[in-house]
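One letter stands for each residue in the lines below.
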Amino acid sequence: MIPVCEPVIGAREHEYVSECLRSGWVSSAGEYIERFEEAWADRCGMAHGIAVSNGTTALQLAVADLELEAGDEVILPTFTIISCALAVLRCHGVPILVDSDPATWCMDVDAVSDVIGPRTRAIMAVHIYGHPVDMDPLRDLADSHGLALIEDAAEAHGAQYRSGRDSEDAAWATCGGLGDVSTFSFYANKLVTTGEGGMVLTDDARASDRLRALRNLCFGHKQRFRHEKAGYNYRLTNVQAAMGLAQVERFDEIVAAKRRIGLAYVERLRDNPHIELQLEAPWAQSVFWMNGFVLAESAGMDADEMSSRLLAESIQTRPFFLGMHEQPVFRDLGLFDEQRFPIAQRLSRSGLYLPSGIGLTEAQIDYICATVQGILP
Ligand SMILES: *Cc1c(COP(=O)(O)O)cnc(C)c1O
């Protein structure tokens, strides 16, 4: 069986984790936490990193720091992981959904301005499957309407975005460095992994202090057990940070491997008329977190059937996200009633992703692509 994704854990991860265990600093104090935070923030071009327990809690902190009033709105794509919508709901906000762009599968940035209203407080952009969202228009909207821009970069460690592409000072910028705050996950299938883990990044020193406090139960400054605000325990351990630092130190290798695999799939599959790939926009460098495709009408099957056919050939796949507006849990809450997002619905029914771990060999990619071509001649 070719698994959909397997982490590759290097010698340095073993070394740093052992060092950590030997030192006895196994909880959320210890030098690896700061080193990991600094190294990752630096990579993304942000001043401050706040390491947390996972990508979901990273989003939760980012939204908590907006200090929403009940009924305030946050705009996000329907086609994403549930963590995004839950973060808003748990802070008494209202998630406002937009559809996907049919080419990048990321949020349709043109749809965002239509849903900005008097209660809008923030836009949450989510880079999907390693491909950047078109951030410039969102930055313009955020600035002109006084909104916060949260960037969920959990699937796009190291992805590059061409900012200001129509101007003279166009420049490549790293995803995770484009929002007012950005969030990452370091789950086992992400480009950097600490097993479970996450981080919030920001350039704003005061936001960084607030986020650190929120991460750690908002302990008092003068009197430790006197709390002015309601915080969370979302701490990461030094052991996890040790593993993360080792991964960050060889991050260029990881990105190169991901791009090599992603481009190999594109080369072998792009001419098949029955599937659509997530092609790189000219202003984007994807990190191909997961290599997905969407079945065209002409394929005559949905993602479920394709997935079973591939499984029979020992190839593991995963279905795409199901839009937030189709989630039973939100329907039960009376949310997103009657809302339709046709692009996202098509992605959910007809999209799936192929094995994408960096341990994948050229021969395995050949086999996988030949099998897909065989099923869809
Ligand atoms: C993985 C992921 C998360 C959540 O991360 P966890 O560490 O699993 O909590 C959030 N957003 C996106 C886009 C993700 O892919």
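Procedures and definitions
- Residues numbered from 1 in each chain as written.
- Predicted model: local features only at pLDDT ≥ 70, side-chain atom pairs only at ≥ 80, totals over all residues.
- Heavy atoms only, no water.
- Axes fitted to C-alpha atoms, helices over the stretch in contact; angles between N-to-C directions.
- Helix = DSSP H or I, 4+ residues; strand = E, 2+ residues; numbered from the N terminus.
- Parallel < 35°, antiparallel > 145°, perpendicular 65-115°, else oblique.
- Left-handed = near helix turned anticlockwise from the far one by under 90°.
- Contact = heavy atoms within 4.5 Å.
- Nonpolar A, V, L, I, M, F, W, Y, C, P; charged D, E, K, R; others polar.
- Expected span 1.5 Å × (residues − 1).
- Buried < 20%, exposed > 50% of the residue type's maximum accessible area, 1.4 Å probe, protein only.
- Arc of directions from axis to C-beta.
- Phe/Tyr/Trp six-rings, centres within 6.5 Å; stacked < 30°, edge-to-face > 60°.
- Lys NZ or Arg CZ within 6 Å of the ring centre and 35° of its normal.

**Q** Before we move on, can you summarise the packing of helix 9 (residues 251–269) against helix 13 (residues 362–375) with the specific residues and values?
**A** Where helix 9 contacts helix 13, the axes come no closer than 10 Å and their chain directions differ by 30°. Of the possible angle classes, the one that applies to helix 9 and helix 13 is roughly parallel. The two elements helix 9 and helix 13 meet at a crossing, and its hand is right-handed. Across the interface between the two elements, Arg260, Ile261, Ala264, Tyr265, Arg268 and Leu269 of helix 9 pack against Glu362, Ile365, Asp366, Ile368, Cys369, Val372 and Gln373 of helix 13. Here the residues of the contact of helix 9 with helix 13 sort into eight nonpolar, one polar and four charged.

**Q** Give me helix 2 (residues 31–44): which residues, what numbers.
**A** Taking 1.5 Å of rise per residue, 14 residues should cover 20 Å, and helix 2 covers 20 Å from first to last C-alpha, within 8% of that figure. Those residues of helix 2 lying buried are Tyr32, Ile33, Phe36, Glu37, Trp40, Ala41 and Cys44. Axial view of helix 2: buried residues confined to an arc of 150°, hence all on one face. In helix 2, the exposed residues that point more than 90 degrees away from the buried face are Glu34, Glu38 and Asp42. Taken from the residues just after helix 2, Gly45 is the one with a positive phi, measuring 75°.

**Q** Provide a residue-level description of the packing of aromatic side chains, including the pertinent values.
**A** Per the stated rule, a full pass over the model turns up 21 aromatic pairs. Centroid distance Phe36 to Phe186: 5.1 Å. Interplanar angle 55°. Geometry classified as tilted. With a gap of 150 residues between them, Phe36 in helix 2 and Phe186 in the loop between strand 8 (181–185) and strand 9 (198–202) connect regions that are remote in the sequence. Consider the rings of Tyr129 and Tyr353, whose centres lie 5.5 Å apart with planes at 65°: the pair is edge-to-face. Of this pair, Tyr129 sits in the loop between strand 4 (120–126) and helix 6 (135–145) while Tyr353 sits in strand 14 (residues 351–354); the two residues are 224 residues apart in sequence, bridging distant segments of the chain. Of the two residues, Tyr129 and Tyr353, neither departs from the other in class, the shared state being buried. Taken together through their ring pairs, the aromatic side chains of Phe79, Trp105, Tyr129, Trp289, Phe320, Phe321 and Tyr353 make up a single cluster. The cationic tip of Arg224 hangs over the ring face of Phe219; the distance from NZ or CZ to the ring centre is 3.8 Å. The aromatic ring of Phe225 is capped on one face by Arg224, whose charged end is 5.7 Å from the ring centroid.

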